[in-house]
Amino acid sequence: MLQQFLIDGRIEAGCDEAGRGCLAGPVTAAAVILPPHFSNDLINDSKQLTEHQRDALRPVIEREAVAWAVAMIDPAEIDRINILNASILAMHRAISQLKVRPEALLIDGNRFKPYPGIPHTTIVKGDSKMMCIAAASILAKTHRDEYMRRIAGEYPQYGWDKNKGYPTRDHRAAIAEFGTSPYHRMSFRLLKQPSLFD
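So, a few notes on the structure that sits alongside this text. (Residues numbered from 1 in each chain as written. Predicted model: local features only at pLDDT ≥ 70, side-chain atom pairs only at ≥ 80, totals over all residues. Heavy atoms only, no water.)

## Some points on the pairing of strand S1 (residues 12–18)
Right, so step 1: Burial analysis of S1 places seven of its seven residues in the buried class, the great majority of the element.
Right, so step 2: Alternating residues of S1 divide into Glu12, Gly14, Asp16 and Ala18 and Ala13, Cys15 and Glu17, and every residue in both groups is buried.
Right, so step 3: Strand direction decides the pairing type here: S1 and strand S4 (residues 104–108), joined by four bridges, are parallel. Each residue of the ladder has a partner; that of glutamate 12, found in S4, is alanine 104.
Right, so step 4: Inspection of the sheet shows S1 paired to strand S2 (residues 27–33) by six bridges, in the antiparallel sense. Counterpart to alanine 13 in the pairing with S2 is isoleucine 33. (Buried < 20%, exposed > 50% of the residue type's maximum accessible area, 1.4 Å probe, protein only. Helix = DSSP H or I, 4+ residues; strand = E, 2+ residues; numbered from the N terminus. Pairing = 2+ DSSP bridges.)

As structure tokens, this is what we get:
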């Protein structure tokens, strides 16, 4: 069972991102404030759940949360400011959209830039420890996956409906064959470097 709050009685927002390692599409962050007595045995780090489980949990989280928000940073901005800065900026944008102002931020991972006026705590593997961060990880992942399925219709050759923009063998092969799309991150290494042993 995940821990509900770091400090009981405090309004805490959990924050996480999805799509950081992808070759295409946005990096997406979510911020979630859960109510005091919320509990759900299924909620866990989104990477530990099946796509079906994540899709089933998303409406539960969106309905029951005190507040939630999702923000995306597009590939052009990622290329301009780098993926770490883009991930943090996406979290800041999600936090700023929350309808309730949190008293504290719980951030998955170990890197964050202070959000004005709200203290934060970084928690390594926070999405498998804290309920609100796990909920944020599910929203970030499902919103991003939904977006990637939508743009897959524009560029079906890359298989984004299946790989969601991650660097799979098929995705790299499609880039090699068809070149890049406007959704690719040009600052990323899109093609594997040829090995001396190939």
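## Details of the pattern of salt bridges
Should the charged atoms of two oppositely charged side chains come close, the side chains can pair.
Right, so step 1: Considering all chains together, one arrives at eleven salt bridges under this definition.
Right, so step 2: Between glutamate 62 and arginine 58 there is a salt bridge, with the nearest N and O atoms lying 3.1 Å from each other. Here glutamate 62 pairs with arginine 58, and both are found in helix H1 (residues 51–64), just four residues apart, close to one helical turn.
Right, so step 3: A salt bridge links lysine 141 to aspartate 145, with the shortest nitrogen-to-oxygen separation between them at 3.1 Å. With a gap of four residues between them, lysine 141 and aspartate 145 both fall in helix H4 (residues 131–152), about one helical turn apart.
Right, so step 4: Here lysine 141 falls in the buried class, since its relative accessible area comes to 16%.
Right, so step 5: Judged by relative accessible area, aspartate 145 falls into the buried class, the value being 4%.
Right, so step 6: When salt bridges with common partners are traced through the structure, they connect Glu51, Arg149 and Lys164 into a single cluster. (Salt bridge = Lys/Arg side-chain N within 4 Å of Asp/Glu carboxyl O.)

## As for the environment of leucine 49
Right, so step 1: Mapped onto the secondary structure, leucine 49 falls in the loop between S2 and H1.
Right, so step 2: Residue leucine 49 is classed as buried on the basis of its relative accessible area, which comes to 10%.
Right, so step 3: Note: C-alpha distance between leucine 49 and glutamate 64 (15 residues apart in sequence) is 20 Å.
Right, so step 4: The contacts of leucine 49, once residues within four sequence positions are left out, are Leu42, Asn44, Arg54, Leu57 and Ile138. (Contact = heavy atoms within 4.5 Å.)

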